[in-house]
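Residue strings, one per chain:
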Amino acid sequence: MIWKKTFTLSQLNEMGKNCAVGHLGIEISAFGDNWLEASMPVDHRTTQPFGLLHGGVSVALAETVGSLAGFLAVEEGNAVLGAEISANHLRPVRQGKVTAKATPINLSPNTHVWQIDIRTEEDKLCCLARLTLSIISL
């Protein structure tokens, strides 16, 4: 298991209540030994004017789940900062919800690289993101 902190889904969701995470309707939905998952509705909060899931909001979902996973995977006294994120938008999404799953590519003492796959309710890959995090001491 890669997690260095003890947590529950309820605690993780409480952290995001009063910020952009809560405004977008992002909920941490599941985790395993080496992955963290979050879901988000495709609705008036998350679409662009043409009714499609906004690409920037997809990136916000990816950075949310990837950064939270990174935070959970570093020792107490350390924090993570986003250094770079890239995303490939593969298919439009008009309704329902999307689910983002963050898995580590590399967890070194100074840098993490996470892959985040965002899928539709039909399990179709709609966005593939890669997030690089810098590890800093507090």
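In this text the structure is predicted, and so the values were computed from the model without any measurement.

Caption draft 1: The arrangement of the overall build of the protein in detail. Summing up its helical and strand segments, the protein has three helices and six strands in all. Reading the protein from its N terminus to its C terminus gives the helix and strand order α-α-β-β-α-β-β-β-β. Against the globule reference of 14 Å for 138 residues, the protein gives a C-alpha radius of gyration of 14 Å, in line with a compact fold. Taking the principal axes of the C-alpha coordinates as reference, the protein spans close to 45 × 30 × 25 Å. Counting all 138 residues of the protein, 40% fall into the buried class. The contacts in the protein between residues at least 6 apart in sequence include a share of 61% that link residues at least 24 apart. Total accessible area on the protein stands at roughly 7,500 Å², and carbon and sulfur atoms take up 50% of it.

Caption draft 2: Broad picture of the nonpolar core. If you look at the biggest cluster of nonpolar residues, it comprises 36 residues, and the most contacted ones within it are Trp-3, Leu-36, Val-98, Trp-114, Ile-116 and Ile-118. Of all the secondary structure elements, the ones that give two or more residues to this core are β2 (36-41), α3 (55-72), β4 (97-107), β5 (111-120) and β6 (125-137). When residues in this core are grouped by element, the largest group, seven residues, is from α3. Sequence-distant contacts of Leu-36, defined by excluding residues within four places in its chain, comprise Trp-3, Leu-12, Ile-28, Ala-30, Phe-31, Val-65, Leu-68, Ala-69, Leu-72, Ala-100, Lys-101 and Ala-102.

Caption draft 3: Here's a closer look at unusual backbone geometry. Phi is positive for Asp-123, close to 65°, though the residue is something other than glycine. Summarising the element assignment, Asp-123 is placed in the loop between β5 and β6.

Caption draft 4: Representation of the environment of Gly-70. With respect to the helices, strands and loops of the structure, Gly-70 is situated in helix α3. For the pair formed by Gly-70 and Leu-36, sequence separation is 34 residues and the distance between their alpha carbons is 9.7 Å. Not counting the four nearest positions on each side in its chain, Gly-70 is found in contact with Val-80, His-112, Trp-114 and Leu-133.

Caption draft 5: Layout of a nonpolar patch on the surface. Taken together, Leu-81, Ile-136 and Leu-138 make up a surface patch of nonpolar side chains, about 310 Å² in accessible area. Its location among the elements puts Ile-136 in strand β6.

Caption draft 6: Here's a closer look at the pattern of salt bridges. This model, assessed by the stated rule, comprises three salt bridges. We note a salt bridge from Lys-17 to Glu-14, for which the minimum N-O separation is 3.3 Å. The class of Lys-17 is exposed, set by a relative accessible area of 52%. The residue Asp-43 makes a salt bridge to Arg-45 at a minimum N-O spacing of 2.8 Å. On the accessibility criterion, Asp-43 (22% relative accessible area) is partly exposed.

Cut-offs applied
Within each chain, residues carry numbers counting from 1 in the order of the written sequence. Thresholds applied to this predicted model are a pLDDT of at least 70 for local features of residues and 80 or more for the giving and counting of side-chain atom pairs; totals over whole chains, interfaces and linings are not thresholded and use all residues. Processing note: side-chain calculations cover all non-hydrogen atoms of the structure and skip hydrogens and water entirely. Where helices and strands are cited, they refer to DSSP runs of H or I of at least four residues and of E of at least two residues respectively, numbered from the N terminus. C-alpha atoms define the radius of gyration in this analysis, and the globule rule sets the expected value at 2.2 Å times the number of residues to the power 0.38. Burial classification: accessible surface area is computed with a 1.4 Å probe over protein chains only, and a residue below 20% of its type maximum counts as buried, one above 50% as exposed, and the rest as partly exposed. Here, two residues are considered to be in contact whenever any of their heavy atoms come within 4.5 Å of each other. Every accessible area reported is derived by Shrake-Rupley at a probe size of 1.4 Å, with residue values counting cover from the shown protein chains alone. Buried Ala, Val, Leu, Ile, Met, Phe, Trp, Tyr and Cys residues that are joined via side-chain atoms within 4.5 Å together make up what is termed a nonpolar core. Like charges within 9 Å and nonpolar side chains (Val, Leu, Ile, Met, Phe, Trp, Tyr) within 5 Å are joined into patches, using only residues over 30% in relative accessible area that form no salt bridge. In what follows, salt bridge is the name for a side-chain nitrogen of Lys or Arg lying within 4 Å of a carboxyl oxygen of Asp or Glu.

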